[in-house]
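A look at the structure
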Amino acid sequence: MPPAPPPPPSPPPSDLASSSRPSASTSPRRTTRVSVGASPSIISPPRVTQATATPHVVPCRWNAQREEEAQPRVLRRGLDSAAPMVLVSCDHDGLPYRGKPLQLSHVQTLLAADNLAAFEKAVFSAWCTFAGPSSSFVDSRNRPDLPSLRAFYRLVLSAPERAQRAVLGAQDNALRRPGCKDSEEWGQADTWGLVVILENPILRRSPEPLHALTTSALTRLFGLVSNLPNSAHHHLVSHFSSASSYPAHSLAQQVEVVGSFIAARLRKHLKALGRLSVWDEGQGALVYADDWKLRSAAKMMALLFAANDHSRVLPISHFYSTLTDALPLAHDYAAWSEKQRGFALGQYPFLITLGGKIEILTHDARQQMQARAHAALLSTVVHRKLTLPFLHLHIRRTHLVEDSLNQMAANKAELKKALRVEFVGEPGVDAGGVRKEWFLLLSRKLFDPSYGMFTAPDPASHLLYFNPASPCPPSEFFLVGAIVGLAAFHTITLDIPLPRAVYRKLLRQDVGLRELAEWAPELARGLRRLLEWDESRDGSVESVLQRRFVGEYEAFGEVVEVPLVPGGADKPVTASNRREFVELYTDFLLSKSISTQFEAFRKGFLSVCGGNALSLFRAEEVELLVRGAEDELNVEQLKNMTVYEGFSPSDSLIQAFWRHFASRPPTRQRKLLAFVTGSDRIPATGLHSLALRIVRLGGKDDPDTERLPSSRTCFNTLCLYRYATPEKMIRKLEAAVALSEGFGLK
């Protein structure tokens, strides 16, 4: 057969889900063409007749021209270049007659007997509409019977390629004619039919001969799903968020399929970068703005992300598309911020890696700093008033907290300028290192429970939370929030052990018992035990626990009680109202008791770090941005990324340094890291973004010296002399770390 002509441009995804009504003159009996990848002998679902292949398809309630345009060339020729086409009759409502539901035992018998012709006939008959496969694999609750469905696919995977091709072809045909319905007519059975197709393991590990067919099926599948009504999206999210049906590995497989498709689309656009800028100046939009396939896949991923947001079985990093790091994210962010037409990654921020989001945040911060510097310059020229383009803090070490808070309070309008810190009486020039040390020392002081702003309610969690009885005014909490926002604004990590509930509240996300369990695990276990209380075994809730609807916290050694509801002091907790009590008590601890302190903290944080760029982040990502990663230091990885000047990796001093580094306990490793980099935290994006430099001091022939090593924290650089012995180098290094606080001699 001569090769088919190239297909016309693909339609937008709306064409995959829309349908057109038949005209009044249309005959009450119509035919729908279905591809069959086999020989003529395998045909004959009910009321099927042979027909010669034609280059177009005439589906019921479907625009024939658009259907032809939507099909890749391989499908227009059928599943096999020599395969015939068959006509499936439709009833008077325009719907194809449904074949018999698939029976697992029958399928097993056919495949065991190598009767592929009968198997293909059964599969194509069942997949006339989505209702066919969904009725084949439902349980007593009319929900997808996943064990039976997965058993069916295991049989198909173990069968010859012809059986796999038949299943893919039948599913692709069903996707081309999704029940001949408008989106308003879409039912739950149709949604379960989509689940049956989504479970197909061939879609995520198809052999090369089936790759084109798999890509076609996925394209139609995502296009259809993206245009379903909200009710169908709700069913899909509910299904994928079920922990019993979709544990972590099952949901991860679905994410992998969609992620691979998105990566393929992005790779296509990246290949064009050598010939065309990804930003089309003529059109004023991103070149992938009109890629409906990419947009449809992103919408499918959004459903999986919403399901995971409920079940929380996968870390957010599973949804990242690493190829987004190679795209000009600043242009994408601009297109999204300006609400330009078409697709932009900002609409689906879970696809952007944490490194990409930090790049966007840094770009946004740099633009704001430049705007402030420009405004300062104009003020100097126009008003003849000297205005610095940066915020310069002069801090006395003996009055660290007082000086810092006072100077920030006096310069609230300047907080988004570039920051410079100078310790009074020290000759350090702030190229980043002095600023990092200031953040590190100040955060340790402010978040010390003895200062009174934060408290540690459960020592087992090693986390702090806002002190509801704090004597500090809201203005100080505002400044603390501004300091944390400044650190995020300048991408500096801080060791502040706040629970994730704080970051969820910063983004106005709900918090509950799950978040309470992170920083008060013992209390959360008690509340969960109350919810699981069995009065027939444990006795009456009211008589045994004797609790009232009252919340309490400790203030200067005394217990303060606050009614959770009007008259709560006289309202007992019983089996019938215990769930209400747990919800109110949790909300009291996490929100109401500290509302004044937290709202001031939040305003301070957003006064510096608020904006469109922050809205791209999830709570766990903001936590990583502020605190950095808690992973243990991988000394070997750090060693492999270190650059040397004046030394080589094989020098005895360098070998001794790395042996000493690896042998130190974790706390002392962190101190050495802080000596070199100015921070004891691992960057949010991991060690690979922390490149160290070890530089040799002194001349090539300089004799041994008694001077201590030094560091340039602005550039993550350790400066070593060529000491006479490795032992002496280690002694000098330990002394330098012990005396490392400050810049210059004390």
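Since the structure is predicted, the reported quantities are computational estimates derived from the model, not experimental observations.

Our next topic: the overall build of the protein. Of the regular secondary structure elements, the protein holds 30 helices and 15 strands. Out of the 746 residues in the protein, the part that is buried amounts to 52%. The long-range share in the protein, meaning contacts at least 24 apart out of those at least 6 apart in sequence, stands at 75%. Approximately 34000 Å² of the protein is accessible, and the part contributed by carbon and sulfur atoms is 53%.

Mapped onto the fold, Asp704 is located in the loop between β13 (693–696) and β14 (710–712). Along the chain, Asp704 and Tyr721 lie 17 residues apart, while their C-alpha atoms are 8.0 Å from each other. Residues in contact with Asp704, not counting those within four places in the same chain, are Arg722, Tyr723, Ala724 and Lys728.

In this section: the pattern of salt bridges. Inspection of every chain in the model, using the stated rule, returns 24 salt bridges. Salt-bridge contacts for Arg165 lead to Glu161; the nearest nitrogen and oxygen are separated by 3.4 Å. With Arg165 and Glu161 both in helix α8 (residues 161–176), this residue pair falls four residues apart, about one helical turn. Residue classification places Arg165 among the buried positions, given a relative accessible area of 18%. If you follow the salt bridges from partner to partner, you end up with Arg312, Arg504 and Glu515 in one network.

Further remarks concern the nonpolar core. Residues Phe119, Trp127, Phe152, Leu221 and Trp438 are the most contacted members of the largest nonpolar core, which totals 168 residues. Here this core gets 11 residues from one element, more than from any other, and that element is helix α18 (residues 474–489). Once residues lying within four places of it in the same chain are set aside, the contact partners of Trp438 are Leu393, Ile395, Leu400, Ser404, Met408, Leu419, Val421 and Phe423. Leu638, Leu653, Phe661 and Leu672 belong to the second largest nonpolar core, which has 31 residues in total.

Moving on: the packing of helix α10 (residues 211–226) against helix α12 (residues 248–271). Running from N to C, α10 and α12 cross one another at 100 degrees; their axes reach a closest spacing of 12 Å. Our classification of the angle between α10 and α12 gives roughly perpendicular. Of the residues in α12, those touching α10 at Thr215, Leu218, Thr219 and Phe222 are Val257, Val258 and Phe261. Of the residues assigned to the contact of α10 with α12, the class counts are five nonpolar, two polar and no charged.

The end-to-end C-alpha distance of helix α13 (residues 292–311), which contains 20 residues, comes to 29 Å, matching closely the 28 Å that a straight helix rising 1.5 Å per residue would cover. Here α13 lies mainly inside the structure; 14 of its 20 residues are buried. Its side-chain oxygen 3.1 Å from the backbone nitrogen of Lys293, Asp291 forms the N-cap of α13.

Going through the model one piece at a time under the given rule, you end up with 25 aromatic pairs. Ring centres 5.7 Å apart and planes at 80 degrees place the aromatic pair Tyr465 and Phe466 in the edge-to-face group. Each member of the pair Tyr465 and Phe466 is classed as buried.

The sheet built from four strands is open, its strands ordered β12-β13-β15-β14 with mixed pairing. Every other strand in the sheet has two partners, leaving β12 (643–645) and β14 as the edge strands with one partner each. Adjacent strand axes in the sheet meet at a mean angle of 20 degrees, parallel and antiparallel pairs treated alike. The pairing of β13 with strand β15 (residues 717–720) spans four bridges and is parallel.

The residue Lys339 is not glycine, and still its phi comes out positive at about 55 degrees. Here Lys339 is to be found in the loop between α14 (329–337) and α15 (354–383). The phi torsion at Arg508 lies on the positive side, around 60 degrees, for a residue other than glycine. As for its position among the elements, Arg508 is in the loop between α19 (500–506) and α20 (513–519). Among the residues examined, Arg508 registers a relative accessible area of 51% and is labelled exposed.

To continue, consider the pairing of strand β6 (residues 390–395). Going residue by residue along β6, you find Leu391, Leu393 and Ile395 tucked away on one face and Phe390, His392 and His394 left uncovered on the opposite face. Direction of pairing for β6 relative to strand β7 (residues 418–423): parallel, over a ladder of six bridges. Note on β7: the bridge partner recorded for Leu393 is Val421. Regarding topology, helix α16 (residues 400–410) serves as the crossover connection from β6 to the parallel β7, and that connection is right-handed.

Glancing now at the packing of helix α4 (residues 104–112) against helix α5 (residues 116–126). Across the interface, α4 lies against α5 with an axial gap of 8 Å and an inter-helix angle of 150 degrees. Relative to α5, α4 is oriented roughly antiparallel. The crossing of α4 and α5 is left-handed. The segment α4 lies against α5, with Val107, Leu110 and Leu111 engaging Leu116, Ala118 and Phe119. The class makeup of the residues in the contact of α4 with α5 is six nonpolar, no polar and no charged.

For α8, spanning 16 residues, the distance from its first C-alpha to its last is 22 Å, which sits close to the expected 22 Å at 1.5 Å a residue. Burial of α8 is extensive: 14 of the 16 residues sit out of reach of the surface.

Moving on, we get to the environment of Leu218. In this structure, Leu218 sits in helix α10. The spatial distance from the C-alpha of Leu218 to the C-alpha of Phe261 is 8.0 Å, given a sequence separation of 43 residues. With near-sequence residues (within four places) excluded, Leu218 lies in contact with Leu203, Val257 and Phe261.

Turning to the confidence of the model for the protein, a few remarks are in order. The share of residues in the protein with pLDDT of 70 or more is 78%, and the mean pLDDT across the chain is 78. Residue range residues 1–98 is modelled with pLDDT below 50. Its contacts to residues more than four positions away, or to other chains, number 195 contacts. Below pLDDT 50 for its whole length, residues 275–284 participates in 18 contacts with residues either more than four positions away or in separate chains.

Parameters at a glance
- In this convention, every chain numbers its residues from 1, walking through the sequence in written order.
- Given that the model is predicted, a residue must reach a pLDDT of at least 70 before its local features are reported, and side-chain atom pairs must reach 80 or more before they are shown or counted; all residues, however, enter totals for whole chains, interfaces and linings.
- Derived side-chain values reflect all non-hydrogen atoms in the structure, with water molecules and hydrogen atoms excluded from consideration.
- Think of it this way: any DSSP run of H or I at least four residues long counts as a helix, any run of E at least two long counts as a strand, and we number them from the N terminus.
- Buried residues are those whose accessible area, probed at 1.4 Å on protein chains only, stays under 20% of the maximum for their type, while exposed residues exceed 50% and partly exposed ones sit between those limits.
- In this description, contact between two residues means that some pair of their heavy atoms is separated by no more than 4.5 Å.
- Exposure was quantified through the Shrake-Rupley algorithm and a 1.4 Å probe, taking into account, for residues, occlusion by the shown protein chains and nothing else.
- Each salt bridge in this description consists of a side-chain nitrogen of Lys or Arg and a carboxyl oxygen of Asp or Glu lying within 4 Å of one another.
- Nonpolar cores were defined as sets of buried Ala, Val, Leu, Ile, Met, Phe, Trp, Tyr and Cys residues, with membership established by side-chain atoms within 4.5 Å.
- Between N-to-C directions, angles cover 0 to 180 degrees, with each direction set by a line fitted to C-alpha atoms, over the stretch in contact for helices.
- Here roughly perpendicular refers to angles of 65 to 115 degrees, roughly parallel to angles under 35, roughly antiparallel to angles over 145, and oblique to all remaining angles.
- Each residue receives one of three labels: charged for Asp, Glu, Lys and Arg, nonpolar for Ala, Val, Leu, Ile, Met, Phe, Trp, Tyr, Cys and Pro, and polar for the others, Gly being one of them.
- Under the convention used throughout, the expected extent of a helix is 1.5 Å for every residue step, that is, one less than its residue count.
- A 3.5 Å cut-off defines polar contacts: any pair of N or O atoms within that distance qualifies, except that in protein one atom must be a possible hydrogen donor and the other a possible acceptor, and neighbouring residues in sequence count only when both atoms are side-chain atoms.
- Stacked, edge-to-face and tilted labels apply to pairs of Phe, Tyr and Trp rings (six-membered ring for Trp) whose centres lie within 6.5 Å, assigned for plane angles under 30 degrees, over 60, and everything in between, in that order.
- Being paired, for any two strands, means DSSP has found at least two bridges between them.
- If you view a crossover with the strands going away from you and the path from the first strand over the helix to the second runs clockwise, you call it right-handed.
- Working rule for handedness: look at the near helix, and if it is turned counterclockwise from the far one by less than a right angle, call the crossing left-handed; if clockwise, right-handed.
- Per-residue confidence from the predictor is given as pLDDT, running between 0 and 100.

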